[in-house]
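Close look at the chain arrangement
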Amino acid sequence: MRVVLVGASGFVGSKILKELVDRGHSVKAVARDISKIPYYDKVEYEAIDVNQTDKFVNAINAADAVISAYNAGWTNPNIYNDFMAGSISIEKAVIRAGTKRFIVVGGAGSLYDKDGNQLVDGADFPSEIKPGATAARDYLNILLENTFLDWTFFSPALEMHPGTSGVRKGSYRTALNEPVFNEEGRSILSAEDVAVAIVDELEFPHFIKKRFTAAY
């Protein structure tokens with residue numbers, strides 16, 4: 001497939017890029033600073049700010065799918081507003097370009113606990129990531145209203161950080177709205193296997209117009 005990958009320079013986006021390349025997809029890797037994206041011979045690179053909607057429309061032209069791993073930066077003091085504005089701009093560009101398939105890597109905060117409450121609203125949710133997690137939750141609510149795109153929203157496992165990296169098992173378990181826990185009561189998935197789950201969904205769609213999550 002011809003895939004446009006947004007946020008290809010990021011922690012998750014760079015793993016998705018490698019997975020796409022390894023599986024033989026034609027990729028256009030997009031980021032504000034393309035010097036930070038891993039280099040592959042057959043990948044096309046384009047520097048675009050996420051708010052440049054018109055430029056995104058041209059970049060997406062004739063793509064089979066768009067994958068957004070956009071992140072406004074966890075240390076960004078304006079992360080909520082920047083994430084919302086950027087995500088909406090990307091979505092508008094995908095619609096205008098006429099590409100139907102749209103996969104978004106969001107956050108785990110919109111998942112529900114056993115009492116039916118979203119994790120991001122819990123009193124013990126980490127304050128340092130709450131603005132970004134809240135933005136991802138609020139954007140999911142916007143995406144749920146989109147009837148034009150064949151969208152999928154992915155919520156990572158609760159533990160998906162640099163300490164879980166470097167492992168690609170190629171296997172995982174999925175759920176829709178609640179975290180997947182292992183026998184030790186942990187919800188964990190490496191960034192490499194997040195990429196596997198994303199590209200699996202690209203190639204074999206199971207969650208059209210749905211959110212899903214995955215963990216070991």
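Described below are features of the structure shown in this document. (Residues numbered from 1 in each chain as written. Predicted model: local features only at pLDDT ≥ 70, side-chain atom pairs only at ≥ 80, totals over all residues. Heavy atoms only, no water.)

On to the overall build of the protein, then. Helix and strand counts for the protein come out as five helices and eight strands. Taken from the N to the C terminus, the helices and strands of the protein come in the order β-α-β-β-α-β-α-β-α-β-β-α-β. Considering only C-alpha atoms, the protein reaches an extent of 45 × 35 × 30 Å along its principal axes. By the burial criterion, 50% of the 216 residues in the protein qualify as buried. Partitioning the intrachain contacts of the protein with sequence separation of at least 6 by distance along the chain shows that 72% fall at a separation of at least 24. Of the side-chain charges in the protein, 23 are positive and 28 negative, and the distance between the mean point of each set is 3 Å. (Helix = DSSP H or I, 4+ residues; strand = E, 2+ residues; numbered from the N terminus. Buried < 20%, exposed > 50% of the residue type's maximum accessible area, 1.4 Å probe, protein only. Contact = heavy atoms within 4.5 Å. Lys, Arg positive; Asp, Glu negative; His and termini not counted. Charge placed at Lys NZ, Arg CZ, Asp CG, Glu CD.)

Here the focus is the sheet that holds strand E3 (residues 44–47). Across the sheet, which stays open at both edges, the eight strands sit in the order E3-E2-E1-E4-E5-E6-E8-E7 with mixed pairing between neighbours. Across the chains shown, the open sheet's two edge strands, defined by having one partner strand only, are E3 and strand E7 (173–175). When strand polarity is set aside, the average angle formed by the axes of neighbouring strands in this sheet is 20 degrees. Pairing analysis gives five bridges linking strand E5 (residues 101–105) to strand E6 (residues 150–155), with the strands arranged parallel. Bridging from a neighbouring strand, Val104 pairs with Phe153 of E6. Here helix H3 (residues 79–97) sits on the sheet and contacts strand E1 (2–6), strand E4 (65–68) and E5; the angle it forms with E5, its principal contact strand, is near 165 degrees. Against the sheet, helix H5 (residues 191–203) contacts E1, E4, E5, E6 and strand E8 (210–215), and its axis sits at roughly 165 degrees relative to E5. (Pairing = 2+ DSSP bridges. Axes fitted to C-alpha atoms, helices over the stretch in contact; angles between N-to-C directions.)

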